[in-house]
Amino acid sequence: WHLMMSLSPPRGCLLDLPWEDILVPHILCHLPLQQLLSLQRVSKSFQALIQLYLANMRCFDSSQIRPAIPRAAFVNLLKDNEVLQQLVLQNCSDWLTDRELLPVIGQNHHLHQIQLKGCAQLSRHALVAISLSCPNLRRLSLAHCEWVDSLSLRSLADHCKALEAVDLTACRQLKDEAICYLVQKCSRLKSLSLAVNANVGDVAVEETAKCCPELEHLDLTGCLRVKNDSIRVLAEYCPKLRSLKVKHCHNVAESSLSILRSRGVELDVEPPLQRALVLLQDVVGFAPFINLQI
């Protein structure tokens, strides 16, 4: 036993391992952000380690912090980081303004994914800052950000031409002209949501179809001005389309959707016969036997 102990290396502390070579890239990256924040309260050494990790963090997701992250904590956590690639901001719509966000955007030029869903207190300056600071941006969610206007979207289109996915759900200031400019400049788009926007119509959908041949997912939920003609153009120009959402688009009928349905495109509305069967089942309490192959 004594011989074995004499030959065994002495036990060390976790902090004795190389911080930048081992702890940060291979251990801390597997811990939830909430646990890391708790860990930094253990000692000054752990606090220094966590600060080093935060400065080298590639992905920040505020939803990992419970309860909702406070303003001061957000500013402190990212003040030294200049290498972020993904920034997901949730549960912070009550306090997040340009004042907190713009410094983070301004010092992180490698961001390729940003999610600002529901961040209602930002302004058009936030989107302009993103467009000027993030040339490699690939994915952007601005869902329910009604401050997005045509001028800020134009700036995004001019500077972030590598965009592949954009969520503009309920960005109610945007009209056809703004969407057309975006898709003309960002022809690599694979996913686009224009849902819940009464100002978007056939002009925007047709231009999207003609300019974005790589398009795979399009969400037009609640776009009341969209009609059959633009859906037919979509079917003609977008051979890679995999899913289309047109629920509550009352001017879109099966006559145009059937073309996409026959290609296996996933639609969020059922064919008329299937809808009728579902309604009948709800009324009579059972599904009648009908040969659907007729």
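Okay, so let's go over this structure.

Quick notes on the rules
- Residues numbered from 1 in each chain as written.
- Predicted model: local features only at pLDDT ≥ 70, side-chain atom pairs only at ≥ 80, totals over all residues.
- Heavy atoms only, no water.
- Helix = DSSP H or I, 4+ residues; strand = E, 2+ residues; numbered from the N terminus.
- Buried < 20%, exposed > 50% of the residue type's maximum accessible area, 1.4 Å probe, protein only.
- 1 Å grid on protein atoms, 1.4 Å probe; cavity = no way out; pocket = protein on both sides within 12 Å on 5 of 7 lines; lining within 4 Å.
- Points joined across faces, edges and corners; volume = space filled by probe spheres on them.
- Nonpolar A, V, L, I, M, F, W, Y, C, P; charged D, E, K, R; others polar.
- Axes fitted to C-alpha atoms, helices over the stretch in contact; angles between N-to-C directions.
- Parallel < 35°, antiparallel > 145°, perpendicular 65-115°, else oblique.
- Contact = heavy atoms within 4.5 Å.
- Patch = residues over 30% accessible without salt bridge, like charges linked within 9 Å, V, L, I, M, F, W, Y side chains within 5 Å.
- Areas by Shrake-Rupley, 256 points an atom, 1.4 Å probe, with all protein chains shown as cover.
- Salt bridge = Lys/Arg side-chain N within 4 Å of Asp/Glu carboxyl O.
- Pairing = 2+ DSSP bridges.
- Phe/Tyr/Trp six-rings, centres within 6.5 Å; stacked < 30°, edge-to-face > 60°.
- Arc of directions from axis to C-beta.
- Core = buried A, V, L, I, M, F, W, Y, C linked by side-chain atoms within 4.5 Å.
- Domains from an automatic or database assignment.

**Points about the environment of lysine 210**
Reasoning step 1: In this structure, lysine 210 sits in helix α10 (residues 202-211).
Reasoning step 2: Assessed through its relative accessible area of 44%, lysine 210 is described here as partly exposed.
Reasoning step 3: Residues lysine 210 and glutamate 236, 26 residues apart in the sequence, show an inter-C-alpha distance of 8.9 Å.

**Section: the layout of surface pockets**
Reasoning step 1: Within this model, the largest pocket holds a volume of roughly 340 Å³.
Reasoning step 2: What lines the largest pocket is a set of 21 residues, and nearest its centre among them are Arg139, Val166, Asp167, Ser191 and Ser193.
Reasoning step 3: Broken down by secondary-structure element, the contributors of at least two residues to the lining of the largest pocket are β3 (113-115), β4 (139-141), β5 (165-167), β6 (191-193), β7 (217-219) and β8 (243-245).
Reasoning step 4: Among the residues forming the lining of the largest pocket, the class breakdown is seven nonpolar, nine polar and five charged.

**What to know about the packing of α10 against helix α11 (residues 228-237)**
Reasoning step 1: α11 packs onto α10 with a crossing angle of 5° between their chain directions and a minimal axis gap of 8 Å. Considering their axes alone, α10 and α11 lie roughly parallel with respect to each other. In this structure, α10 uses Asp202, Val205, Glu206, Ala209 and Lys210 to contact α11, whose residues at the interface are Asp229, Ser230, Val233, Leu234 and Tyr237.
Reasoning step 2: Within the contact of α10 with α11, the residues separate by chemical class into five nonpolar, one polar and four charged.

**Here's the deal with a nonpolar patch on the surface**
Reasoning step 1: There is a patch of nonpolar side chains on the surface, built from Leu14, Leu17, Ile22 and Ile27 and spanning about 280 Å² of accessible area.
Reasoning step 2: As for its placement among the helices and strands, isoleucine 22 is situated in helix α2 (residues 19-27).
Reasoning step 3: Classification of isoleucine 22 by relative accessible area gives partly exposed; the value is 31%.

**Digging into the sheet that holds β8**
Reasoning step 1: The strand order across the open sheet built from nine strands is β1-β2-β3-β4-β5-β6-β7-β8-β9, with neighbouring strands paired in parallel fashion. At either end of the open sheet lies a strand with only one pairing partner, and these are β1 (59-61) and β9 (266-267).
Reasoning step 2: As paired elements, β6 and β7 share three bridges and run parallel to each other. In the strand pairing of β7, serine 193 is matched with aspartate 219.

**Comments concerning the environment of glutamate 20**
Reasoning step 1: Within the secondary structure layout, glutamate 20 lies in helix α2.
Reasoning step 2: Since its relative accessible area comes to 59%, glutamate 20 is described here as exposed.
Reasoning step 3: Taking the C-alpha atoms as reference, glutamate 20 lies 9.2 Å from asparagine 56; in sequence the two are 36 residues apart.
Reasoning step 4: If we ignore the near neighbours within four places in the chain, the residues touching glutamate 20 are Pro25 and Leu52.

**Here's the deal with the packing of aromatic side chains**
Reasoning step 1: Under the definition given, this model contains two aromatic pairs.
Reasoning step 2: On the numbers, 5.5 Å between centres and 55° between planes, the contact of phenylalanine 74 with tryptophan 95 is tilted. Of this pair, phenylalanine 74 sits in helix α5 (residues 71-78) while tryptophan 95 is found in the loop between β2 (86-88) and α6 (98-106), placing the two residues 21 residues apart along the sequence. The exposure classification of phenylalanine 74 matches that of tryptophan 95, with both residues buried.
Reasoning step 3: Taken together, the ring pairs connect Phe60, Phe74 and Trp95 into an aromatic cluster.

**Side note on unusual backbone geometry**
Reasoning step 1: Of note in the backbone geometry, histidine 144 takes a positive phi value of approximately 60° without being a glycine.
Reasoning step 2: If you trace the backbone, histidine 144 turns up in the loop between β4 and α8 (150-159).
Reasoning step 3: Overall, the relative accessible area of 41% leaves histidine 144 in the partly exposed class.
Reasoning step 4: Here the phi dihedral of histidine 248 falls at roughly 70°; this positive angle occurs in a residue that is not glycine.
Reasoning step 5: With respect to the element layout, histidine 248 can be found in the loop between β8 and α12 (254-262).
Reasoning step 6: With a relative accessible area of 48%, histidine 248 lands in the partly exposed category.

**Quick word on α6**
Reasoning step 1: Buried within α6 are the following residues: Asp98, Glu100, Leu101, Val104 and Ile105. All buried residues of α6 fall inside an arc of 160° around its axis, so they share one side.
Reasoning step 2: Among the structural elements, α5, β2, β3 and α7 (124-133) are those in contact with the buried residues of α6.

**Structural notes on the nonpolar core**
Reasoning step 1: If you look at the biggest cluster of nonpolar residues, it comprises 88 residues, and the most contacted ones within it are Phe60, Leu87, Leu89, Leu142, Leu168, Leu220 and Leu244.
Reasoning step 2: The two domains that each donate at least three residues to this core are domain 1 (19-56) and domain 2 (58-282).
Reasoning step 3: Not counting the four nearest positions on each side in its chain, leucine 142 is found in contact with Leu116, Leu127, Trp147, Val148, Asp167, Leu168, Thr169 and Cys171.

**Some remarks on the pattern of salt bridges**
Reasoning step 1: Evaluation of the coordinates by the stated rule reveals nine salt bridges.
Reasoning step 2: A salt bridge links aspartate 229 to arginine 232, with the shortest nitrogen-to-oxygen separation between them at 3.3 Å. Highlighted residues: aspartate 229 and arginine 232, both in helix α11, separated by three residues, approximately one helical turn.

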